[in-house]
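Understanding the architecture of this molecule
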Amino acid sequence: MINPYITEKLNPLFVIDESRRKELLLEAEKIPSLIISSAAASNAVMLASGYFNPLKGYMNLTEVLSVAEKMQLPSGILWPIPVVNLVKENNFSKEVVKSVGKIALRDPNVEGNPIIAIQSVEKIEKINEKFYSTVLEKTFGTTSLDHPGVSTFIDSGDTLISGPIEVLNYSYFSTDFPDTFKTAVEIRKEIDERGWEKVVAFQTRNPMHRAHEELCRMAQKELNADGILVHMLLGKLKKDDIPAEVRNESIRKMVQLYFPKNTVMIAGYGFDMLYAGPRETVLHAIFRQNSGCSHLIVGRDHAGVGDYYGAFDSQTIFDILPSESLQIEIFRGDHTVWCHKCEKVVMMRDCPHGNDNYLLISGTRFRELLSLGEEIPTEFSRPEVVEILSKYYQTL
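What you see is a predicted model, and the numbers here were worked out from it, not measured in a lab. (Residues numbered from 1 in each chain as written. Predicted model: local features only at pLDDT ≥ 70, side-chain atom pairs only at ≥ 80, totals over all residues. Heavy atoms only, no water.)

Burial along strand E11 (residues 295-298) is two-sided: the residues His 295 and Ile 297 and Leu 296 and Val 298 are all buried. As paired elements, E11 and strand E12 (residues 329-332) share four bridges and run parallel to each other. Residue Ile 297 lies in a different strand from E12, and its bridge partner there is Phe 331. (Buried < 20%, exposed > 50% of the residue type's maximum accessible area, 1.4 Å probe, protein only. Helix = DSSP H or I, 4+ residues; strand = E, 2+ residues; numbered from the N terminus. Pairing = 2+ DSSP bridges.)

Right, here's the structure in full:
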């Protein structure tokens, strides 16, 4: 199996030792506590799960700027996205936290705001407009508040609290999605148990339609892969995206009916979508390597939103990465559509026929048809998937 990113052994930050957990929970009662942002909480879950290996905690100002401007940590390690605990200055006492040196982080997404992690505080740094401008432009390619990732980052706060963390739970992901949420440790173990060596990962925040289904098959066949990891995001999305529980049901139905047994593993990860396009795609590659995958499918506008990124920017960014910085490789997908003449799903680059022969339904039009309960062509989406999605849309 492929090695984890940078290290020989995966180093998840979840506290397994029960005596240490009790010690930390007792300590949490005596130190300052703070309800953190959903983004910071999901970062904690990714650190706990081993997905963000080899990071040890939240980044400081110098690290954030280095990642934003150079796509690497000051140590030289490739890292594409700042991993931060960004808070509002007026929500805590800087002096008290500095004097204690630790802070208990409370989960904003679980009732009662339980402690999700204990952070050792190395620095508390106020940020300015220049910081926002630099980090947002480099990370998201824009500073527009219309971009969901930009608005979420700005709303999180104006002060960075940096330092290592010890994580006590996986937030709501392990309880709301007990059969789907898996850590990188658990995925590696299951890959090993299945006897897979070459594994191709498919990232999704959406339900899977025929094009996605066939893209997975194409990648598996071309790479001669032993298996496919369908890896879905379970965290926060923009308002018009389909909720995780609906996606989960539809994807499981599609895999159950249309893929051979022991060829697909379904799993989910606890992270809020950034919509950071090319930068987020590199992050996707890093944590799929940590999960034991040898390849990541990168299709059109991977991790994108609106028209902020070019259709294939998330592929070409890998051409400028330092050689051998990643062991995982990408499978480059093209526009994937149903061709009436070929009578199958094709990648446009492989098909001699033109647009007149392709079935093209925009996401907006698809959602409109579902909400009206109108028929969806079987060439576009499996009827069992459409049935699940239609039920959801008709409740809106």
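In this chain, Asn 53 is followed by Pro 54 through a cis amide linkage whose omega measures 15°. Mapped onto the elements, Pro 54 comes out in the loop between helix H2 (38-49) and strand E2 (57-58). Despite not being glycine, Asp 301 shows a phi value in the positive range, around 55°. You can see Asp 301 is positioned in the loop between E11 and helix H12 (313-316). Assessed through its relative accessible area of 22%, Asp 301 is described here as partly exposed.

Moving on: the nonpolar core. In terms of nonpolar packing, the biggest core is built from 127 residues, with Phe 52, Trp 79, Ile 116 and Leu 326 touching the most fellow members. In terms of residue count, the dominant contributor to this core is H2 (seven residues). Look past the residues within four positions of Phe 52 in its chain and what remains in contact with it is Asn 43, Met 46, Leu 47, Trp 79, Val 83, Phe 271, Leu 283, Phe 287 and Asn 290. Formed by eight residues, the second largest nonpolar core is a distinct cluster that contains Val 15, Leu 24, Ile 31 and Ile 118. (Core = buried A, V, L, I, M, F, W, Y, C linked by side-chain atoms within 4.5 Å. Contact = heavy atoms within 4.5 Å.)

The sheet built from three strands is open, its strands ordered E14-E13-E15 with antiparallel pairing. If you trace the sheet from one side to the other, it starts and ends with strand E14 (344-347) and strand E15 (358-359), each paired once. Where strand E13 (residues 336-339) meets E14, four bridges bridge the pair, whose relative direction is antiparallel. In the sheet register, Thr 336 faces E14, and the bridge partner there is Met 347. Helix H9 (residues 210-223) rests against E13 and E14 of the sheet, and its axis sits at about 65° to E14. (Axes fitted to C-alpha atoms, helices over the stretch in contact; angles between N-to-C directions.)

In this section: the sheet that holds strand E9 (residues 227-233). The parallel open sheet is built from five strands, whose spatial order is E10-E9-E8-E11-E12. The sheet is open, and its two borders are formed by strand E10 (264-269) and E12, each paired with just one other strand. Taking each pair of neighbouring strands and ignoring which way they run, the sheet shows an average axis angle of 30°. One ladder, built from six bridges, connects strand E8 (residues 199-204) with E9; its direction is parallel. The residue bridging Gln 203 from the neighbouring strand is His 231, located in E9. Along the sheet, helix H8 (residues 184-194) contacts E8, E9 and E10; its crossing angle with E10, the most-contacted strand, is approximately 175°.

This brings us to the packing of aromatic side chains. Per the stated rule, a full pass over the model turns up 15 aromatic pairs. Ring centres 5.7 Å apart and planes at 80° place the aromatic pair Phe 52 and Phe 271 in the edge-to-face group. In this pair, Phe 52 sits in the loop between H2 and E2 while Phe 271 sits in the loop between E10 and helix H11 (277-290), placing the two residues 219 residues apart along the sequence. The burial state of Phe 52 is the same as that of Phe 271; both residues are buried. Plain terms: the ring middles of Tyr 269 and Phe 287 are 4.9 Å apart, the flat faces sit at 55° to each other, and that makes the pair tilted. Residue Tyr 269 is found in strand E10, and its partner Phe 287 is found in helix H11; the two are separated by 18 residues along the sequence. The exposure classification of Tyr 269 matches that of Phe 287, with both residues buried. In this structure an aromatic cluster arises from ring pairing among Phe 14, Tyr 170, Tyr 172, Phe 173 and Phe 181. Here the basic side chain of Arg 217 rests over the ring of Phe 259, its NZ or CZ set 4.3 Å away from the ring centre. When the ring centre of Tyr 258 is taken as reference, the NZ or CZ atom of Arg 382 above it lies at 3.7 Å. (Phe/Tyr/Trp six-rings, centres within 6.5 Å; stacked < 30°, edge-to-face > 60°. Lys NZ or Arg CZ within 6 Å of the ring centre and 35° of its normal.)

Let us now look at the pattern of salt bridges. Here the structure, examined in full by the defined rule, presents 13 salt bridges. In this structure, Glu 166 engages Arg 20 in a salt bridge whose closest nitrogen and oxygen atoms are separated by 2.7 Å. Within this pair, whereas Glu 166 is found in strand E7 (residues 159-167), its partner Arg 20 is found in helix H1 (residues 18-28), the two being separated by 146 residues in sequence. (Salt bridge = Lys/Arg side-chain N within 4 Å of Asp/Glu carboxyl O.)

What follows deals with the packing of helix H10 (residues 244-258) against helix H14 (residues 383-393). Following both chains from N to C, one finds H10 and H14 inclined at 165°, their axes separated by 9 Å at the closest point. One element, H10, and the other, H14, form an angle in the roughly antiparallel class. The handedness of the crossing between H10 and H14 is right-handed. Contacts between H10 and H14 pair Val 246, Glu 249, Ser 250, Lys 253, Met 254, Leu 257 and Tyr 258 from the former with Pro 383, Glu 384, Val 385, Ile 388, Leu 389 and Tyr 392 from the latter. Of the residues assigned to the contact of H10 with H14, the class counts are nine nonpolar, one polar and three charged. (Parallel < 35°, antiparallel > 145°, perpendicular 65-115°, else oblique. Left-handed = near helix turned anticlockwise from the far one by under 90°. Nonpolar A, V, L, I, M, F, W, Y, C, P; charged D, E, K, R; others polar.)

A rise of 1.5 Å per residue sets the reference length of H9, with its 14 residues, at 20 Å; its end C-alpha atoms lie 20 Å apart and thus fit the reference within 8%. Considered for burial, the residues of H9 that qualify are Arg 210, Glu 213, Glu 214, Leu 215, Cys 216, Ala 219, Gln 220 and Leu 223. Where H9 ends, the next residue or the one after it, Asn 224, has phi of about 55°, a positive value. (Expected span 1.5 Å × (residues − 1).)

In this fold, Ser 171 is placed in the loop between E7 and helix H7 (173-176). Other than its neighbours up to four places away in sequence, Ser 171 contacts Val 45, Asp 107, Asn 109, Val 110 and Ile 116.

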